Amino acid sequence: MSASPEAKPGTAAKKSSKPPMKRTPPKSARRRSREIALQGLYEWLIAGTDAGVIDAHMREQDGFDKCDAAHFDALLHGCIGEASGIDAVLARHVDRPTTQLSPIEHGVLMIGVYELQHCISIPYKVAINEAVELAKSFGGTDGHKYVNGVLDKAAADLRSVEVGAARGTRIAAPRDDADTPDA
């Protein structure tokens, strides 16, 4: 006698009840460059290592060949080179000195502000979202919410026209008195 159940005529065998696995889309080269730059900024914030040493170390990491090297260079060297200016922007929007932020949140915020200031081809919402995703991947439990709030305020300062247009806020145009009737 066989222990396997026999299928009834006209019925198909049941398939596994497990849902199909969802594939996460591959990371873009820009996202990889942000992740690697964040790791470099973390090293810089924690140990104060020289930017050139960090750069060489990051280029040895697995997956560096799949990142946008030019964007990585801009982020790492730009954030380190402009750290005091970036921290001045952040100081207007954070609730404590930047030295008291977690190094991950600080690095993520530096990348976000740098992109808002210098990467005009990246829409401000994308720059904020990418920073939020970095914070979700590398930061604390609710760090991404903090990053979102700070960068939303920073974007309103740094890209007021773009933010205003997206929010439907009208920016007053200069008044042209030539259209007014003569008295």
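You'll find the structure just up there.
Computed from a prediction, not measured in an experiment: that's the story for all the values here.

Draft legend 1. The overall build of the chain, seen in detail. A count of helices and strands for the chain gives eight helices and zero strands. Along its sequence from the N terminus, the chain presents helices and strands in the succession α-α-α-α-α-α-α-α. Counting across all 183 residues of the chain, residues that qualify as buried make up 36%. Residue pairs in contact within the chain that sit at least 24 positions apart in sequence constitute 68% of those at least 6 positions apart. Accessible surface for the chain amounts to roughly 11,800 Å². Of this, 53% is attributable to carbon and sulfur atoms.

Draft legend 2. Spatial organisation of the packing of helix α6 (residues 124-138) against helix α7 (residues 143-158). Between α6 and α7, the shortest axis-to-axis distance is 8 Å and the interhelical angle comes to 160°. Considering their axes alone, α6 and α7 lie roughly antiparallel with respect to each other. Crossing of α6 over α7 shows right-handed handedness. Within the contact between the two elements, α6 uses Tyr124, Ile128, Ala131, Val132, Ala135 and Lys136 and α7 uses Gly143, His144, Val147, Asn148, Leu151, Asp152 and Ala155.

Draft legend 3. Geometry of helix α1 (residues 29-47). Over its 19 residues, α1 runs 27 Å from end to end, which matches the ideal 27 Å to within 8%, given 1.5 Å per residue. For α1, every residue scored as buried is listed here: Ser33, Arg34, Glu35, Ile36, Ala37, Leu38, Gly40 and Leu41. Buried residues in α1 make contact with α2 (51-59), α3 (69-81), α5 (103-118) and α6. At the exit of α1 stands Gly48, carrying a positive phi of roughly 70°.

Draft legend 4. Up close: the packing of aromatic side chains. In the structure shown here, the tally under the stated rule is one aromatic pair. Plain terms: the ring middles of Phe64 and Phe72 are 5.2 Å apart, the flat faces sit at 85° to each other, and that makes the pair edge-to-face. Using a relative accessible area of 9% as the deciding quantity, one classes Phe64 as buried. One residue, Arg96, lies across the ring of Tyr146, its end atom 4.9 Å from the ring centre.

Draft legend 5. Structural context of the nonpolar core. In this structure, Phe72, Leu90, Val108, Leu109, Ile111, Val147 and Leu151 are the most contacted members of the largest nonpolar core, which totals 44 residues. Contributions of two or more residues to this core are made by α1, α2, α3, α4 (83-91), α5, α6 and α7. For this core, the element with the highest residue contribution is α5, accounting for eight residues. Discounting chain neighbours no more than four positions away, the residues touching Leu151 are Leu109, Gly112, Val113, Leu116, Ile128 and Ala131.

Draft legend 6. Region of interest: the pattern of salt bridges. Applying the stated criterion across every chain, the model contains 14 salt bridges. The residue Lys27 makes a salt bridge to Glu35 at a minimum N-O spacing of 3.0 Å. Owing to a relative accessible area of 10%, Glu35 belongs among the buried residues under this scheme. The salt bridge partner of Arg59 is Asp55, with a shortest N-O separation of 2.5 Å. With Arg59 and Asp55 both in helix α2 and four residues apart, the pair spans about one turn of that helix. On the basis of relative accessible area, Asp55 is assigned to the buried category, the value being 10%. Several salt bridges share partner residues, and in doing so they unite Arg31, Arg34, Glu115 and Glu130 into one network.

Definitions and limits used
Residues numbered from 1 in each chain as written. Predicted model: local features only at pLDDT ≥ 70, side-chain atom pairs only at ≥ 80, totals over all residues. Heavy atoms only, no water. Helix = DSSP H or I, 4+ residues; strand = E, 2+ residues; numbered from the N terminus. Buried < 20%, exposed > 50% of the residue type's maximum accessible area, 1.4 Å probe, protein only. Contact = heavy atoms within 4.5 Å. Areas by Shrake-Rupley, 256 points an atom, 1.4 Å probe, with all protein chains shown as cover. Axes fitted to C-alpha atoms, helices over the stretch in contact; angles between N-to-C directions. Parallel < 35°, antiparallel > 145°, perpendicular 65-115°, else oblique. Left-handed = near helix turned anticlockwise from the far one by under 90°. Expected span 1.5 Å × (residues − 1). Phe/Tyr/Trp six-rings, centres within 6.5 Å; stacked < 30°, edge-to-face > 60°. Lys NZ or Arg CZ within 6 Å of the ring centre and 35° of its normal. Core = buried A, V, L, I, M, F, W, Y, C linked by side-chain atoms within 4.5 Å. Salt bridge = Lys/Arg side-chain N within 4 Å of Asp/Glu carboxyl O.

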